[in-house]
Amino acid sequence: WPALLAPRPVASWVLVAAAVAAWLFTRVAHELVHWAMHRFHGRRARMSVGWPAYCWADGRMSRNQAVLVLVAPFALITGLALAALAWDWAHTPFGEMFWLLVGAWNALGSIQDLREAGLLLRTPPSAQVVDLRDEMIVDPEPEGH
């Protein structure tokens with residue numbers, strides 16, 4: 001029994017390699033999804049995958065556009081990770097651990113985005129949002145509404 005429960009060096013290295021690869025992949029993919037959503041709505045977006053990773057865009061956007069930008073990485077990347085596991089796209093221990101950890105890293109990295117999206121949903125639908133590098137400014141009653 002003890003020999004069966006002892007960690008195997010190969011499995012440990014697979015886990016470490018998968019964790020690092022998943023973290024790097026998720027970090028870049030998460031910000032790229034934010035960037036792509038900004039570009040989809042016609043805004044000039046900038047991003048960094050340094051420490052901390054972030055993405056922001058110039059100009060105003062509607063509340064609903066801001067919520068979409070915030071929620072998209074969680075939905076798309078976590079959905080991709082779940083699909084990879086459910087349809088067995090990863091046939092190796094590394095691949096399985098990689099996709100499991102991508103889902104976990106992305107969910108962890110999405111906590112603040114989801115919190116901000118929830119707060120934005122409490123504002124009027126006509127609210128406008130200005131996305132700055134370190135914060136978002138919400139105008140709950142823009143001119144003309």
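Quick caveat: nothing in here was measured; it's all calculated off a predicted structure.

Burial along strand 2 (residues 54-57) is two-sided: the residues Tyr54 and Trp56 and Cys55 and Ala57 are all buried. One ladder, built from 4 bridges, connects strand 1 (residues 45-48) with strand 2; its direction is antiparallel. Bridge pairing in strand 2 places Met47 opposite Cys55. The hairpin formed by strand 1 and strand 2 contains 5 residues between the paired strands.

A few words on the packing of aromatic side chains. Under the criterion given, the structure shown has 3 aromatic pairs. The interplanar angle of 75° and the centroid separation of 5.9 Å between the aromatic rings of Phe25 and Trp99 together place this pair among those described as edge-to-face. Of this pair, Phe25 sits in helix 2 (residues 9-40) while Trp99 sits in helix 4 (residues 93-109), and the two are 74 residues apart along the sequence. The buried category is assigned to Trp99, whose relative accessible area is 16%. Three or more aromatic residues joined by ring pairs make a cluster, and in this case those are Phe25, Phe98 and Trp99.

In the structure shown here, the tally under the stated rule is 3 salt bridges. Among the salt bridges present, the one from Arg46 reaches Asp58, with a minimum N-O distance of 2.7 Å. Highlighted residues: Arg46 in strand 1 and Asp58 in the loop between strand 2 and strand 3 (60-62), separated in sequence by 12 residues. Among the residues examined, Asp58 registers a relative accessible area of 31% and is labelled partly exposed. Salt bridges sharing common partners tie together Arg44, Arg46 and Asp58.

Taken together, the side chains of Trp13, Val16, Val20, Trp23, Leu24, Trp51, Trp105, Leu108 and Ile111 present a nonpolar region at the surface, about 1000 Å² in accessible area. Secondary structure elements with two or more residues in the nonpolar patch: helix 2 and helix 4. Sorting elements by how many residues they give to the nonpolar patch places helix 2 first, with 5 residues. With respect to the element layout, Trp23 can be found in helix 2.

Looking now at the nonpolar core. Counting residues in hydrophobic clusters, the biggest one holds 14 residues, and the most contacted among them are Ala22, Val33, Met37, Ile77, Phe98, Trp99 and Val102. Judged by nonpolar contacts, the second largest core, of 7 residues, contains Met61, Val67, Ala117 and Val129.

The next subject is the sheet that holds strand 4 (residues 128-131). As summarised here, the arrangement of the 3 strands in space is 3-4-5, forming an open sheet in which the pairing is antiparallel. Looking at which strands have only one partner, the edges of the open sheet turn out to be strand 3 and strand 5 (136-139). Each neighbouring strand pair of the sheet contributes to a mean axis angle of 30°, computed without reference to strand direction. Alignment of strand 3 against strand 4, held across 3 bridges, turns out to be antiparallel. Note on strand 4: the bridge partner recorded for Arg60 is Val130.

Packing of helix 3 (residues 63-86) against helix 5 (residues 111-120) leaves a shortest axis separation of 9 Å and a crossing angle of 155°. Relative to helix 5, helix 3 is oriented roughly antiparallel. Seen along the crossing, helix 3 lies across helix 5 with a hand that is left-handed. When helix 3 is examined against helix 5, the residues Arg63, Ala66, Val67, Leu70, Val71 and Phe74 are found in contact with a partner set consisting of Asp113, Leu114, Glu116, Ala117 and Leu120. Classifying every residue of the contact of helix 3 with helix 5 by side-chain character gives 8 nonpolar, no polar and 3 charged.

How each quantity is defined
- Residues numbered from 1 in each chain as written.
- Predicted model: local features only at pLDDT ≥ 70, side-chain atom pairs only at ≥ 80, totals over all residues.
- Heavy atoms only, no water.
- Buried < 20%, exposed > 50% of the residue type's maximum accessible area, 1.4 Å probe, protein only.
- Helix = DSSP H or I, 4+ residues; strand = E, 2+ residues; numbered from the N terminus.
- Pairing = 2+ DSSP bridges.
- Phe/Tyr/Trp six-rings, centres within 6.5 Å; stacked < 30°, edge-to-face > 60°.
- Salt bridge = Lys/Arg side-chain N within 4 Å of Asp/Glu carboxyl O.
- Patch = residues over 30% accessible without salt bridge, like charges linked within 9 Å, V, L, I, M, F, W, Y side chains within 5 Å.
- Areas by Shrake-Rupley, 256 points an atom, 1.4 Å probe, with all protein chains shown as cover.
- Core = buried A, V, L, I, M, F, W, Y, C linked by side-chain atoms within 4.5 Å.
- Axes fitted to C-alpha atoms, helices over the stretch in contact; angles between N-to-C directions.
- Parallel < 35°, antiparallel > 145°, perpendicular 65-115°, else oblique.
- Left-handed = near helix turned anticlockwise from the far one by under 90°.
- Contact = heavy atoms within 4.5 Å.
- Nonpolar A, V, L, I, M, F, W, Y, C, P; charged D, E, K, R; others polar.

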